[in-house]
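# Tertiary structure, described
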Amino acid sequence: MFTEPEIRPRQNNAAMGIFLMLSAWGLFALVDTSAKWLVLASISTVQVVFMRYAVQFGCSLIGAAGPFSVTRKMGQKTFFLLSFRAILLVVCTFFNFIAIKYLPLTMTSAIMFSSPIIVASISMVFLREFVDVWKILAIFLGFVGVLVIIRPFDAQFHWAALLCVHNAIAISVFSLITRQLSGVVTASTMQFFAGGFGTIVFLPLVLIYWENPTSLISWVLMFFMGIVAWAGHEVFARAHLFSSAATLMPFSYSNIIFMTLASYFVFGSRPDFLVFAGAFLIVFSGISIWWREGLNTSKVVSR
């Protein structure tokens, strides 16, 4: 038995949905910026990941105890999917916090946003979904964009880019599971599982690697990061109450803009031309896939 907040009916307010979506990705950019600051300040990645999930878990527990919660029974399949989703997210966070120590935030963000392209590829190969030639070209273009960014045969190639590629693939599976759970459980339940798993797994490790930060800002950022992560996921879920995923999807790419600004103003890192070129190809590919899916859906509905 798990406690879940009641799901409100969707309101048709695209402007509010878009505003909340932009806010969510701005909050997610703050999470990565805080994590990069901490790992560069010699705080262990294990400690940073633990604090990110422990604080999020604490916020989830507080939210679950609210007066507007209801109790529902959960089946074995749902429990398994929630657990597997939590494992994927926690592993991705761990790899991401390692990667951002060595790579610019713009690069890690751009590679991660190849996940819609990977989702389309998975749907084409394993789910036998119909894919027209334009969608195939968009998928190919997106993978070219990833190669342009990571430059596997270039002297500037860094092994941490492979962690981002792993994350893009894992987040694709994560997205498919989230779609399956949508309407079955609430975002708060998903947060509860992810926060709980991350806290439990990294607690024994953090007891070994824990070091007290030497500056007040590091202490503040460790708690700030977890609170903002929780808030970002809550705002992201609320955005979908005001508008459809099809309307909101293109605005998720705003994260690349937020990451570029943080990379430049906080860390003084300016992405080179190839990162911008690769990001453009990935964004163009992702929006093209989204547009073709919307077009195909409208044709089916009109028949």
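Residues numbered from 1 in each chain as written. Predicted model: local features only at pLDDT ≥ 70, side-chain atom pairs only at ≥ 80, totals over all residues. Heavy atoms only, no water.

## With respect to the overall build of the protein
Along its length, the protein carries 12 helices and 2 strands. A buried classification covers 47% of the 303 residues belonging to the protein. Here the contacts in the protein between residues at least 6 apart in sequence split such that 91% fall between residues at least 24 apart. Summed over its atoms, the accessible surface of the protein is roughly 15500 Å², and 72% of this surface lies on carbon and sulfur atoms. (Helix = DSSP H or I, 4+ residues; strand = E, 2+ residues; numbered from the N terminus. Buried < 20%, exposed > 50% of the residue type's maximum accessible area, 1.4 Å probe, protein only. Contact = heavy atoms within 4.5 Å. Areas by Shrake-Rupley, 256 points an atom, 1.4 Å probe, with all protein chains shown as cover.)

## Details of helix 11 (residues 254–265)
Here helix 11 is 12 residues long and its end C-alpha atoms lie 17 Å apart, about the 16 Å a rise of 1.5 Å per residue gives. Three or more residues of helix 11 are buried, namely S254, N255, I256, M259, T260, A262 and S263. (Expected span 1.5 Å × (residues − 1).)

## Regarding the packing of aromatic side chains
In total, this model carries 15 aromatic pairs according to the counting rule given. Ring centres of W25 and F236 lie 6.2 Å apart, and the angle between their planes is 90°; on these two criteria the pair is classed as edge-to-face. Residue W25 is located in helix 1 (residues 14–40), and its partner F236 is located in helix 9 (residues 216–242); the two are separated by 211 residues in the primary sequence. Ring centres of F113 and Y253 lie 5.4 Å apart, and the angle between their planes is 45°; on these two criteria the pair is classed as tilted. Taken together, the residues span a long stretch of sequence, with F113 in the loop between helix 4 (105–112) and helix 5 (115–125) and Y253 in the loop between helix 10 (245–248) and helix 11 at a distance of 140 residues. For the pair shown, F113 and Y253 are each scored as buried. Through a chain of ring-to-ring contacts, the aromatic side chains of W25, F28, F113, F236 and Y253 assemble into a single cluster. (Phe/Tyr/Trp six-rings, centres within 6.5 Å; stacked < 30°, edge-to-face > 60°.)

## Regarding the environment of E234
The topology assignment puts E234 in helix 9. On the basis of relative accessibility, which here comes to 9%, the residue E234 falls in the buried class. Sequence separation between E234 and L20 is 214 residues, and the spatial gap between their C-alpha atoms is 9.8 Å. Excluding its chain neighbours within four sequence positions, the residues that come into contact with E234 are S188 and Q191.

## Description of the pattern of salt bridges
Counted under the stated rule, the structure contains 2 salt bridges. Here R151 makes a salt bridge to D272, at a shortest N to O gap of 2.9 Å. Residue R151 is found in the loop between helix 6 (133–150) and helix 7 (160–181), and its partner D272 is found in the loop between helix 11 and helix 12 (273–302); the two are separated by 121 residues along the sequence. In this structure R151 comes out as buried when scored by relative accessible area, which is 11%. For D272, a relative accessible area of 34% puts it in the partly exposed group. Between E234 and R238 there is a salt bridge, with the nearest N and O atoms lying 3.1 Å from each other. Placement of the pair is E234 and R238 together in helix 9, with a separation of 4 residues, close to one helical turn. Of the residues examined, R238 reaches a relative accessible area of 35% and is grouped as partly exposed. (Salt bridge = Lys/Arg side-chain N within 4 Å of Asp/Glu carboxyl O.)

## Regarding the confidence of the model for the protein
Taken residue by residue, the protein gives an average pLDDT of 83. The fraction at 70 or more is 85%. Here strand 1 (residues 2–5) stands out as the least confident element of the protein, with mean pLDDT 40; helix 3 (residues 76–102) is the most confident, with 94. Here residues 1–9 scores under 50 on pLDDT; set against residues more than four positions off or in separate chains, the count is 33 contacts. This model gives residues 65–71 a pLDDT under 50, and the stretch forms 12 contacts once residues within four places in sequence are excluded. (pLDDT = per-residue confidence, 0-100.)

## Some points on a nonpolar patch on the surface
Together, L30, W210, L216, W219, V220, F223, F224 and I227 make up an exposed nonpolar region whose accessible area comes to about 730 Å². Take the nonpolar patch: its biggest share by element is 6 residues, from helix 9. Relative accessible area serves as the criterion here: at 47%, V220 is assigned to the partly exposed category. (Patch = residues over 30% accessible without salt bridge, like charges linked within 9 Å, V, L, I, M, F, W, Y side chains within 5 Å.)

## Focus: unusual backbone geometry
The residue S42 is not glycine, and still its phi comes out positive at about 70°. Within the secondary structure, S42 sits in the loop between helix 1 and helix 2 (45–64). Non-glycine residue R151 carries a positive phi angle of around 50°.

## Some words on the nonpolar core
V48, F97 and M225 are the most contacted members of the largest nonpolar core, which has 77 residues in total. Counting residues per element, this core draws most heavily on helix 1, at 11 residues. Setting aside residues no more than four positions away along its own chain, M225 makes contact with V31, S34, A35, L38, V48, M51, R52 and F97. (Core = buried A, V, L, I, M, F, W, Y, C linked by side-chain atoms within 4.5 Å.)

## Things to note about helix 4
In terms of residue burial, helix 4 counts as a mostly covered element, since 7 of its 8 residues are buried. Those residues of helix 4 not exposed but buried are L105, T106, M107, T108, S109, A110 and I111.

## Overview of the environment of L61
Turning to its location among the elements, L61 is positioned in helix 2. Owing to a relative accessible area of 40%, L61 belongs among the partly exposed residues under this scheme. Along the backbone, L61 and S188 are 127 residues apart, and their C-alpha atoms lie at a distance of 9.2 Å.

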